[in-house]
Every structure is written in C-alpha cells, then in structure tokens.
Amino acid sequence: MAEILLDVRGLTHRYAMTSSRSVTALDGVSFQIRHGEIFGLVGQSGSGKSTAARCIMNLLRPTGGDLHYKGVDLLDPKQRRENRRMLQTTRQLIFQDSASSLNPRMTLADIITEPMVINSVKPPRGSMRAEAEFQAAKVGLSPSCLDRRPPELSGGQRQRAAIARALCMEPELLIADEPVASLDVSVQAQILNLFRHFQTEHGFSLLFIAHDLSAVHWLCDRVGVLFHGLLVESAPTTELFENPLHPCTRALLSSVPLPDPRRERQRRLERFDTDTLPAAETLREVSPEHFVLKED
Amino acid sequence: MPLLEVIDLSVSFDTPGGELQAVRDVSFSLDAGEILAIVGESGCGKSVLCKAVTRLLPDTARIKSGSVVIDGLSLSSMPERKVQKLRGQLFSMVFQDPMSALNPSLSIGAQIAEAVRVHAPCMKRSEVRERVLELLSLVGIDRAADMYKLYPHNLSGGQRQRVVTAVALASGPRLLFADEPTTALDAGLQTQILDLLRDIRQRLGTSTVLISHDLGAVARAADRGAVMYAGKIVETGTTEEIFYDPRHPYTWSLLLSLPSRAERGRKLHSISGTPPTLIDPPSGDAFAPRNPWALEIDYEQSPPMFRVTDTHFAATWLLDPRAPKITPPIGGNDRG
Ligand SMILES: Nc1ncnc2c1ncn2[C@@H]1O[C@H](COP(=O)(O)OP(=O)(O)OP(=O)(O)O)[C@@H](O)[C@H]1O
Ligand SMILES: Nc1ncnc2c1ncn2[C@@H]1O[C@H](COP(=O)(O)OP(=O)(O)OP(=O)(O)O)[C@@H](O)[C@H]1O
Ligand SMILES: [Mg+2]
Ligand SMILES: [Mg+2]
C-alpha cells in the first residue's frame, strides 16, 4: 500500500465567538490520504469541511490535534519555516469561494501564473504567457478570457481560473473545496477527467470536498462523511455507496436529486433527526477500511 | 398576459479585443406562478441576461436592442429611480456570488430585516424580528436566534448562500431571479430550497427564473426549461420535453455529460473542442464546430426556432424537413 502523504489526527477546531461562547466546527477528526489517492470529504452544509481544508493549508490554527504532511509537522512553526518552499509548491488549495477570492485588479493570465512567479518556478512552456494559455485550455477557458479581469468574467470562468492557478504548480496534494459546483456538467466532466488524469499520470493526491455525490462516486477512492464536526463514517467509495451504515450517511445518500423530472418530483424530502444520535460513540472498523461511529 | 416578457434582448460589452456579444436576440416569457429554469454552458450569458432584465448590469455593458416588460410595465425605458422602487417589491434577485451580495460589516439578521422593511415599512420592530427568524428557518438555518447576530464571514459557504436567498425573499417579490441558489448546498438542503420555491409559488403565486447547472435541481423545481448556448436560447420546452425528448444537439451533449450516467473508472463524456468566441461569433450555428451531428448549412446560416410542439421549440437544422433523419443519442421518446 502506498505511503501516507497527509495524516490528520484528532483535528479539532472551535471558533471563538465571544469570550464565553464558541462554535465547535471540528471535533476530533482523523483521516489519512496516501500518495496518489483521491479522498472525498462529504457532509451537510456547515459540517466543518472548509474548516478542515483551512487547517490543512495552515490558514487556520486548529484548537487541537495533529497534522503531518510528508512527515513535516504542520503545526510546528520551526518545521514549517524549514520546509517553506516545499510546502508552498507541493500543496495547493482551491477555495470554496474562489470566484470571489481572486484579485479583481489582475488579469486572468497573471492570476493563473502568479504562484509560479512568486515561487520563481521556471515556466516549462517557455514563457508565463504560454503557460497561462496552456493551463487555460486544459480547463476549457478560451484565450480571449486571459486579458480580462475577474469582474469581467462569468462565475464559472472565474472558477476555472482558480483551478488552472492551482494546477499550474503540479501539486502533490491538492485540496479542492467544491471545485466544480459552479460549472456546467460538460465542463465539470472535463475537470473531473483532468483530476483523474493527474492522479494516474502524475500520482497526485486530492482531497475532494463536494456536495455532488455522483461526482464523488465517480472520482474518489475513499470517502469520509462529516456530521457536525464529527467524522461519522469512512470507507472505500463503492463500499460506502453500497453499504452505508451510519444514519447520517444514509440520509445524505437518499437525498440526491435525480435528473429525471417525474421520479424527482415524487421523491419526498427525508428529514434527518439529529436527536436520535447516541451520545457516546467511537469509530470502529466493521470491514476492511470501513469505519463507522458506533455506540460504546 | 404574462408576468414577464423579454423580446429580442441583445447585450454587448466593449472589450479591448472587440465587441463581446454576451446575449443575442433572446426572447422568452413567464406566466404568473411559473418556474422557468435556464441552463447552459458556463459563460453563455445566463447571469448577464438576468442582470439585463433586472437592470443591474455594470456601466460597461450596452443593451443593444430589445424590451423587457414586467407586469405591464416597460422596464427598459423606465428611469432608474422608478426601477429602484420596484426592486424588492415586484422583483428581486439572488446573486450567483454570495460573498459579494452580502454586506460584510452588517449582521445577517440586520440585512434580512432591511429587506423585510422594504416590503412593510410600518412593521413593528418585534414583528420584523419574528419575520427574519421565520425566513432564516425557511432556508434551513437552525438555531436562527443565535445566527441572527453573526456576520457573513462567520458562516459556511452554504449558510451564506441561503442567507442571500432569505434576503431576496424577505421583500415578498412577485418575480424572483435566482442565479445558482443551491450550488453550495448538500442534497438535503438543496431539496429544501427547491421545495421552498415551489411552495411560495403555490401559496403566494411567486414566479421564478431559476439558473442552475444542476440538472437534478431543474428536474425537481422547474415547469419549463430554456437551454442557452453562446448568448442564444437554443431550446425551450416543458421540463419533461427537455429531459425526455430533447432535440438540440447541445442539450443532448449536456445530458450525456452527467456523472451519474458514467461508470466508475470510465472517462466522463464532455463536449470536445473549445468554447465559442462571443467576440465576432460565426455567422452559422455557434455550436457547429463542436457538434458531431452538424450539417453543412450549420456553418453558413444560423437556424431559426423550429416548432416541435406548442410548448417545445429548438434551433437546429436537424428539425428542418429536408434534414437527414438521425437517431438521437438520448431521449427521443417520452418514457413514463
Ligand atoms: N469564521 C467563523 N467564525 C465563526 N464560526 C464559523 C466561522 N467559519 C465557519 N464557522 C462555523 O463553523 C461551522 C463549520 O463551517 P465550515 O465552513 O467548515 O462548513 P462546511 O462544511 O464547509 O459547510 P458548507 O458546505 O456550507 O461550505 C459552521 O457552523 C459555521 O457557521
Ligand atoms: N463586465 C463584463 N465585461 C466583459 N465581459 C463580460 C462581463 N461580464 C460578463 N462578461 C462575459 O459575458 C459572457 C456571459 O457571462 P455570464 O456571466 O452571463 O455567463 P453565465 O452564463 O452566467 O456563466 P456561468 O455559468 O459561468 O456563471 C461571458 O463570456 C463573460 O466572459
Ligand atoms: Mg464549505
Ligand atoms: Mg453566471
């Protein structure tokens, strides 16, 4: 089995709201991503997915837990300083709100190649411009977009610029927070094929955060399910979809809208009652690599 | 009389590279209490179309032609001051980009309350608060009383998106433009928001123009669909007609690209070739270079809207009586 690239153990984060009140966004979450593996992280809105992404990228200091990437302790400032360049070049993030996180004053060409400029990476295709055009084509952006700035583009065009920007560094680990939700299904398919290509050709690893479970099913090797900051279940993809054990996972899987008007309109919304969750639970391995939270 | 009527609308931007034709000769109408979904390739002009109708385009945009009539009022010729009065009451918009639609320095409760007062200026403070809490729970935000005081940056992506929807609904509009209102939501919440749109249609007669890339969402919520490509509407029909009997090759390609149709481990279908250029678009059908079923005439002359049924129209030369008969790769029947 391949080596572990990212090791997340007991990750906990509380957002302090006032001196007396805080929101627990992550509560002891553990998972590992191996070299060349695509790990899907799913869960309801507000379950802590983006918080986990921000912690792994060192944009947020977690309240507790351990984070190791390529053997480097991500929470130790000294180790981080010593490995600064490696961390900046091999680990990339596509923000959930990437469309609004792009610098509105830069042209798209400059946005895409900015990480290469900052890290003085020599453009493999000769010039930065050629590099921008090459990356843009890969995500289906026409060259005529490259001289425009983010406010002059559509939502999906900005999103693709954010993807191209992350991919131009050829990262070893990509954290992608809802990378394809704002794209039409054909461009979506193109990007998902591209991720798969990067995995098989370059052995890159991906943490894929998404709501679209059919995309998760198609792309991911393993999937973890978050619920109110707890990892309630994780398993190889086929196993999870065929044999979901935790009620949260079942509720999540049963509510996928189908592109079929007659069947879709007959489907009732299933409400998942959180009060039925037993209080004390531990993660148990029920079959190889299939973990689920169970009552003690 | 339809609630909304858009006739021959064309919108362009002057860019350094030339005139970019974002919306080209678009016409459609919407009855009171109807939900129309607009789907189409990223960058094909959906958001620009909605902003043109609601008069929210940036200064760099130019409306070249066309008229917009909402509830008998001609919006295109109305002075800005009057449009502002109608905004909120008659129509409102859920923007695609939640972060830029919210004020970062105002609590979300205050922002929704502001919109409630547009509709009911004389409402008592306590009543406004009640209404805000009700709106928050309608869009699936639990512990609404705690969330009231939070700022946009305290929220997750999906929570922000739902607050934007609550703001748009707060003023009780008769016509709602919802640009990708469910992209950041999990399937359960997505269903809840779509059912909310259907519910206000049922109870209050609210009409909605729903823009979405999610064909499952369209299937659930919409009565009718319009498919756009390169600034034009290329197919319209009832939701059933679009899903079960699509006629335009672009619609076929879209439905074929769904990941739910693909096997794990197999490549996903995506439309080959590069997206069309909206600067100097070709004279023929803009989809022709990427269309495996393109006819010679597609490269020369752009197809008119052909009638399939009284509710179903598509702009493809394949519907011309002289065109060769082909078997569509998808649909082609009305399976029940
Ligand atoms: N800056 C913040 N301050 C306070 N609370 C926050 C902050 N950011 C997030 N939260 C809260 O933490 C919880 C987890 O948020 P997070 O953004 O990680 O969710 P998510 O799983 O990414 O959701 P979504 O699918 O909606 O994007 C939410 O309840 C949210 O309200
Ligand atoms: N301010 C602007 N200046 C120049 N071009 C613009 C401007 N706004 C939009 N465009 C261009 O107009 C076209 C239509 O944009 P629009 O935002 O309507 O696309 P869309 O269909 O909403 O796409 P998406 O699904 O990606 O949001 C795009 O090609 C875009 O690049
Ligand atoms: Mg998030
Ligand atoms: Mg848009």
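Residues numbered from 1 in each chain as written. Chains lettered and ligands numbered in written order. Predicted model: local features only at pLDDT ≥ 70, side-chain atom pairs only at ≥ 80, totals over all residues. Heavy atoms only, no water.

Engineer: Explain the coordination of the magnesium ion (ligand 4) to me, please; I cannot follow it from the model alone.
Structural biologist: Ideal values for angles at a metal depend on the geometry: 109.5 degrees with four tetrahedral donors, 90 or 180 degrees with six octahedral donors. For the magnesium ion (ligand 4), every protein donor is listed as Ser-47 of chain B (OG) and Gln-96 of chain B (OE1), and the spread of their distances is 2.0 to 2.2 Å. One end of the pair, Ser-47 of chain B, is in helix 1 (residues 46-53); the other, Gln-96 of chain B, is in the loop between strand 6 (91-94) and helix 3 (98-101), and 49 residues separate them in sequence. (Donors = N, O, S within 2.8 Å, 3.2 Å for Na, K, Ca; no water. Helix = DSSP H or I, 4+ residues; strand = E, 2+ residues; numbered from the N terminus.)

Engineer: What am I meant to see in the interface of chain A and chain B here?
Structural biologist: Accessible area lost upon the coming together of the parts is a frequently used measure of interface size. With 55 residues of chain A at the contact, the number on the chain B side is 60 residues. Here chain A meets chain B over a buried area of about 4,600 Å², counting both sides, of which 53% is carbon and sulfur. Its largest share of buried area at the contact with chain B, chain A owes to Trp-218, Arg-262 and Arg-265 of chain A, together 15% of the area lost on that side. Here Glu-240 of chain B ties to Arg-265 of chain A by a salt bridge, and the two come within 3.2 Å at their closest N and O atoms. (Contact = heavy atoms within 4.5 Å. Buried area = accessible area lost by both parts, 1.4 Å probe. Salt bridge = Lys/Arg side-chain N within 4 Å of Asp/Glu carboxyl O.)

Engineer: Whenever I open this one, the nonpolar core confuses me. Can you help?
Structural biologist: Across soluble globular proteins, nonpolar side chains have a tendency to be buried as a group. One finds Leu-4, Leu-49, Phe-91, Ile-112 and Phe-177 of chain B to be the most contacted residues of the largest nonpolar core, which totals 107 residues. With near-sequence residues (within four places) excluded, Leu-4 of chain B lies in contact with Phe-28, Ser-29, Leu-30, Val-53, Val-68, Val-69, Ile-70, Leu-175, Phe-177 and Val-209 of chain B. Counting residues in hydrophobic clusters, the runner-up holds 53 residues, among them Ile-38, Ala-166, Ala-176 and Leu-293 of chain A. (Core = buried A, V, L, I, M, F, W, Y, C linked by side-chain atoms within 4.5 Å. Buried < 20%, exposed > 50% of the residue type's maximum accessible area, 1.4 Å probe, protein only.)

Engineer: Whenever I open this one, empty space enclosed by the protein confuses me. Can you help?
Structural biologist: In this approach, a probe sized like a water molecule rolls over the atoms, and the result shows the empty space that is left. All told, the structure shown has six cavities of 30 Å³ or more when counted by the stated rule. What lines the largest cavity is a set of 18 residues, and nearest its centre among them are Gln-96, Asp-97 and Ser-182 of chain A together with Gln-96 and Thr-183 of chain B. Elements with a minimum of two residues in the lining of the largest cavity: helix 4 (98-101) and helix 7 (155-167) of chain A together with helix 7 (157-170) of chain B. If one sorts the elements of the lining of the largest cavity by residue count, helix 7 of chain A sits on top with three residues. Here the lining of the largest cavity is composed, by residue class, of four nonpolar, nine polar and five charged. Lining of the second largest cavity is provided by Ala-37, Val-39, Leu-215, Val-218, Gly-225, Ala-226, Val-227, Ile-242, Phe-243, Thr-251, Leu-254 and Leu-255 of chain B. Contributing elements (two or more residues each) for the lining of the second largest cavity: strand 3 (35-40), helix 9 (215-221), strand 9 (224-229), helix 10 (239-244) and helix 11 (249-256) of chain B. Classifying every residue of the lining of the second largest cavity by side-chain character gives 10 nonpolar, two polar and no charged. (1 Å grid on protein atoms, 1.4 Å probe; cavity = no way out; pocket = protein on both sides within 12 Å on 5 of 7 lines; lining within 4 Å. Points joined across faces, edges and corners; volume = space filled by probe spheres on them. Nonpolar A, V, L, I, M, F, W, Y, C, P; charged D, E, K, R; others polar.)

Engineer: Explain the pairing of strand 4 (residues 61-70) of chain B to me, please; I cannot follow it from the model alone.
Structural biologist: Each regular strand shows side chains that alternate between the opposite faces of the sheet. All names here are of chain B. In this sheet, strand 4 lies alongside strand 1 (residues 4-15) in antiparallel orientation, the contact comprising eight bridges. Pairing of Ser-10 across the sheet is with Ser-65, part of strand 4. Judged from the two bridges that link them, strand 4 and strand 5 (residues 73-74) form a sheet pairing that is antiparallel. Pairing of Val-69 across the sheet is with Ser-74, part of strand 5. (Pairing = 2+ DSSP bridges.)

Engineer: Looking at this structure, I do not really get the environment of Ala-101 of chain B. What am I missing?
Structural biologist: All names here are of chain B. Among the secondary structure elements, Ala-101 is positioned in helix 3. On the basis of relative accessible area, Ala-101 is assigned to the partly exposed category, the value being 33%. When the C-alpha atoms of Ala-101 and Ala-222 are compared, they prove to be 24 Å apart, with 121 residues separating the residues in sequence. Among residues more than four places away in sequence, those in contact with Ala-101 are Phe-95 and Val-164.

Engineer: What is the right way to read the coordination of the magnesium ion (ligand 3) from this model?
Structural biologist: Residues and elements named next belong to chain A. Protein-derived ligands of the magnesium ion (ligand 3) are Ser-50 (OG) and Gln-96 (OE1), with the metal-ligand distances lying across 1.9 to 2.1 Å. Of the two residues, Ser-50 is situated in helix 1 (residues 49-56) and Gln-96 in the loop between strand 6 (91-94) and helix 4; the sequence distance between them amounts to 46 residues. Accessibility classification places Ser-50 together with Gln-96 in one group, the buried group.

Engineer: So what exactly am I meant to see when it comes to the confidence of the model for chain B here?
Structural biologist: As a general rule, the predicted coordinates of low-pLDDT regions are not to be interpreted in detail. Residues and elements named next belong to chain B. With 99% of its residues at a pLDDT of 70 or more, chain B shows a mean pLDDT of 92. Of all helices and strands in chain B, the one with the weakest mean pLDDT is helix 3 (82), whereas strand 12 (residues 313-314) scores best (98). Scoring the predicted complex yields pTM 0.94 and, for the interface, ipTM 0.92. (pLDDT = per-residue confidence, 0-100.)

Engineer: Would you explain the environment of Thr-191 of chain B in this entry?
Structural biologist: Along the chain, Thr-191 of chain B turns up in helix 8 (residues 187-204). With 22 residues separating them in the primary sequence, Thr-191 of chain B and Leu-169 of chain B have C-alpha atoms 17 Å apart. Among residues more than four places away in sequence, those in contact with Thr-191 of chain B are Ser-255, Pro-257, Arg-267 and Leu-269 of chain A together with Arg-220 of chain B.

Engineer: Can you help me understand the site of ligand 1 in this one?
Structural biologist: Taken together, 20 residues are adjacent to ligand 1, and Ser-45, Gly-46, Ser-50 and Thr-51 of chain A together with Ser-156 of chain B come closest. Looking at what sits near ligand 1, you find residues from chains A and B. Within the contact set of ligand 1, an oxygen atom lies 2.9 Å away from a side-chain nitrogen or oxygen of Gln-96 of chain A. Ser-156 of chain B places a polar side-chain atom, nitrogen or oxygen, 2.7 Å from an oxygen atom of ligand 1. For ligand 1, whose free accessible area comes to 640 Å², the fraction covered by protein is 92%. (Near = heavy atom within 4 Å. Polar contact = N/O pair within 3.5 Å; in protein donor to acceptor, adjacent residues only side chain to side chain. Areas by Shrake-Rupley, 256 points an atom, 1.4 Å probe, with all protein chains shown as cover.)

Engineer: So what exactly am I meant to see when it comes to the sheet that holds strand 8 (residues 205-209) of chain A here?
Structural biologist: By definition, the strands of a sheet pair up through backbone hydrogen bonds, in either a parallel or an antiparallel sense. Residues and elements named next belong to chain A. Read across the sheet, eight strands follow the order 6-7-8-3-9-10-12-11 without closing on themselves; strand pairing throughout is mixed. Both outer strands of the open sheet, strand 6 and strand 11 (281-287), are each paired with one neighbouring strand and no more. Taking the axes of each pair of neighbouring strands and ignoring which way they run, one obtains an average angle of 20° across the sheet. Bridging between strand 11 and strand 12 (residues 290-295) involves six bridges; their strand directions are antiparallel. Pairing of Glu-285 across the sheet is with Phe-291, part of strand 12. Those strands touched by helix 1 are strand 3 (38-43), strand 6, strand 7 (173-177), strand 8 and strand 9 (222-227), and its axis lies near 140° from that of strand 3. (Axes fitted to C-alpha atoms, helices over the stretch in contact; angles between N-to-C directions.)

Engineer: Just to check I follow, could you spell out the packing of aromatic side chains for this structure?
Structural biologist: Aromatic rings considered in pairs are described by the distance between their centres and by the relative angle of their planes. Applying the stated criterion across every chain, the model contains nine aromatic pairs over all chains. Aromatic side chains Trp-252 of chain B and Trp-293 of chain B sit 5.0 Å apart centroid to centroid with 85° between the ring planes, which places their arrangement in the edge-to-face category. Of this pair, Trp-252 of chain B sits in helix 11 while Trp-293 of chain B sits in the loop between helix 11 and strand 11 (306-307), and the two are 41 residues apart along the sequence. Relative accessible area serves as the criterion here: at 22%, Trp-293 of chain B is assigned to the partly exposed category. Every member of this aromatic cluster is reached through a ring pair, and the members are Phe-195, Phe-198, Phe-204 and Phe-208 of chain A. Over the ring of Phe-134 of chain A we find Arg-125 of chain A, and its NZ or CZ is 3.6 Å from the ring centre. (Phe/Tyr/Trp six-rings, centres within 6.5 Å; stacked < 30°, edge-to-face > 60°. Lys NZ or Arg CZ within 6 Å of the ring centre and 35° of its normal.)

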